[in-house]
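Notes for the structure review
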Amino acid sequence: MSAFPFTAIVAQDELKLALQLVVIDPTLGGVLVLGDRGTGKSTAVRALASLLPRMNAVCGCAYNCDPSDDPSRCVPECPRRQGAAIQTQQIPVPVVDLPLGATEDRVVGALDLEAALARGERVFSPGLLARANRGFLYIDEVNLLPDHLVDLLLDVAASGENVVEREGVSVRHPARFVLIGSGNPEEGELRPQLLDRFGLALEISTPTEVPARVEVVRRRMAFDHDPQRFLASYAAEEAALSRRLADARGRLRELAVSDAVMERAASLCATLGTDGLRGELTLIRAARAAASLDGATETTELHLQQVAALALRHRLRRDPLDEVGSTARIDRALEEVFRS
């Protein structure tokens, strides 16, 4: 089934920006989206993946191996490590849903211990992390997922590698994916340590303006009635955004970040009292991705201000004496730091 066009999504600008930034720089660490149900979170993730160019993969590899990667990063069963000539294929960027009831074996994969101990054979059934390699792993209601699974996922997302060890038998395979988590905070909270591991975070709400609500319903009904016609009406915009993202990814490494911009980022984090330096690193990376998306030749303070809330709002300590929300605190800090 075709995905709803990304460019046809009404409002939700911060969500769309965050998703584009992690596409441009997957090292940002994923996106956490908290807010109301039915506001287009999963629609936006699938829509973005569908407009990305198909990717080259090794035929017969269960891990969507990139033919240009170091073969030693994949499992010994990968065709690239068998010594024979390999074939490649073009496949869509995978978007894998991780259901709440998933077991650890289903997520990381399972080893057949009987085959290993009785016959000395290593038989491994790849899990969801293998399917998500080089794509997106989407977890709805991530705040209700058991902590040990969330911790495991964040570790794998940070290292880009899944390691399964059981009874002295070990399997290691590439697992580079963009982690997208969503949830309703009224149903449960993520531990602060886990919040900090998401690169970007945002709060999403139902549009309150009547014209926006009407337009959302109108576009969805038009898509459901005749998907092909609706997709055709947005084809030009989708193609333009696809090219823009590809260009942004291509020039990201060439974008410099000046000492002045780094000092502003450090001052902002110090003013907000964020723990550690992960916030500053993410803030600078996100600002550089935003600059690349804009086609800029350098990262500026405006880019820092554009992404500050996305990169920092979930890293603030709770202040019981301060009744304003995290976004308002960041706005206040931005005014203080950038007016000096």
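This text goes with the structure placed above it.
Below is a short write-up of the structure.

Rules and cut-offs
- Residues numbered from 1 in each chain as written.
- Predicted model: local features only at pLDDT ≥ 70, side-chain atom pairs only at ≥ 80, totals over all residues.
- Heavy atoms only, no water.
- Helix = DSSP H or I, 4+ residues; strand = E, 2+ residues; numbered from the N terminus.
- Rg over C-alpha atoms; globule rule 2.2 N^0.38 Å.
- Buried < 20%, exposed > 50% of the residue type's maximum accessible area, 1.4 Å probe, protein only.
- Contact = heavy atoms within 4.5 Å.
- Areas by Shrake-Rupley, 256 points an atom, 1.4 Å probe, with all protein chains shown as cover.
- Lys, Arg positive; Asp, Glu negative; His and termini not counted.
- Charge placed at Lys NZ, Arg CZ, Asp CG, Glu CD.
- Core = buried A, V, L, I, M, F, W, Y, C linked by side-chain atoms within 4.5 Å.
- 1 Å grid on protein atoms, 1.4 Å probe; cavity = no way out; pocket = protein on both sides within 12 Å on 5 of 7 lines; lining within 4 Å.
- Points joined across faces, edges and corners; volume = space filled by probe spheres on them.
- Nonpolar A, V, L, I, M, F, W, Y, C, P; charged D, E, K, R; others polar.
- Phe/Tyr/Trp six-rings, centres within 6.5 Å; stacked < 30°, edge-to-face > 60°.
- Axes fitted to C-alpha atoms, helices over the stretch in contact; angles between N-to-C directions.
- Left-handed = near helix turned anticlockwise from the far one by under 90°.
- Pairing = 2+ DSSP bridges.

Details of the overall build of the protein
The helix and strand tally for the protein stands at 14 helices and 11 strands. Rg of the C-alpha trace for the protein: 21 Å, near the compact-globule value of 20 Å for 340 residues, within the 12% margin. With respect to the three principal axes, the spread of C-alpha positions in the protein is 70 × 50 × 45 Å. Buried residues in the protein amount to 47% of all 340 residues. Here the analysis covers contacts within the protein between residues at least 6 apart in sequence; of these, 74% occur between residues at least 24 apart. On the protein, roughly 17,000 Å² of surface is accessible, and the fraction owed to carbon and sulfur atoms is 49%. Averaging the locations of the 39 positively and 48 negatively charged side chains of the protein gives two centres separated by 4 Å.

Things to note about unusual backbone geometry
Positioned with a positive phi, Ala 11 is a non-glycine residue whose angle comes to about 60°. Relative accessible area serves as the criterion here: at 35%, Ala 11 is assigned to the partly exposed category. One non-glycine residue, Asn 64, lies in the positive phi region at around 55°.

Considerations on the nonpolar core
Within the largest apolar cluster, 66 residues are counted, with the highest numbers of intra-cluster contacts made by Leu 19, Leu 21, Val 31, Phe 136, Leu 200, Leu 268 and Leu 283. Ranked by the residues each element gives to this core, the list is headed by helix 1 (residues 13–24), at 8 residues. Not counting residues up to four positions away in its chain, the partners in contact with Leu 283 are Ala 265, Leu 268, Cys 269, Leu 304, Val 307, Ala 308, Ala 311 and Leu 312. Residues Ala 102, Leu 145, Val 150 and Leu 153 belong to the second largest nonpolar core, which totals 39 residues.

Here we look at the layout of surface pockets
In this structure, the largest pocket spans a volume of roughly 1,200 Å³. Secondary structure elements with two or more residues in the lining of the largest pocket: helix 1, strand 2 (55–58), helix 6 (147–159), strand 10 (178–183), helix 7 (192–197), helix 10 (235–251) and helix 12 (278–294). A total of 5 residues in the lining of the largest pocket trace back to one element, the largest contributor, which is helix 12. Residues belonging to the lining of the largest pocket are distributed by class as follows: 19 nonpolar, 10 polar and 13 charged.

Here's the deal with the packing of aromatic side chains
Taken as a whole, this structure holds 4 aromatic pairs when the rule is applied. With 5.4 Å between their ring centres and 35° between their planes, Phe 4 and Phe 230 make a pair best called tilted. Of this pair, Phe 4 sits in the segment before helix 1 while Phe 230 is found in helix 9 (residues 227–233), placing the two residues 226 residues apart along the sequence. Judged on exposure class, the residue Phe 4 and its partner Phe 230 are both buried. Through successive ring pairs, a cluster of aromatic residues spans Phe 4, Phe 223, Phe 230 and Tyr 234.

Details of the packing of helix 1 against helix 2 (residues 41–51)
When two helices pack together, you describe them by how their axes are tilted relative to each other and by the distance separating the axes. Close contact between helix 1 and helix 2 brings their axes to 11 Å; oriented N to C, the two are set at 35°. The interaxial crossing formed by helix 1 with helix 2 has right-handed handedness. In contact with Leu 15, Leu 19, Gln 20 and Val 23 of helix 1, helix 2 contributes Lys 41, Ala 44, Val 45 and Leu 48. Partitioned by chemical class, the residues of the contact of helix 1 with helix 2 number 6 nonpolar, 1 polar and 1 charged.

A look at the pairing of strand 10
Of all 6 residues that make up strand 10, 6 are buried, and the element is covered over most of its length. Of the two faces of strand 10, both are covered, the one formed by Val 178, Ile 180 and Ser 182 as well as the one formed by Leu 179, Gly 181 and Gly 183. Pairing analysis gives 4 bridges linking strand 1 (residues 31–35) to strand 10, with the strands arranged parallel. Bridge pairing links Leu 32 to Gly 181 in strand 10. Where strand 7 (residues 136–140) meets strand 10, 5 bridges bridge the pair, whose relative direction is parallel. Counted as the bridge partner of Tyr 138 is Ile 180 from strand 10.

These figures capture arrangement, not role.
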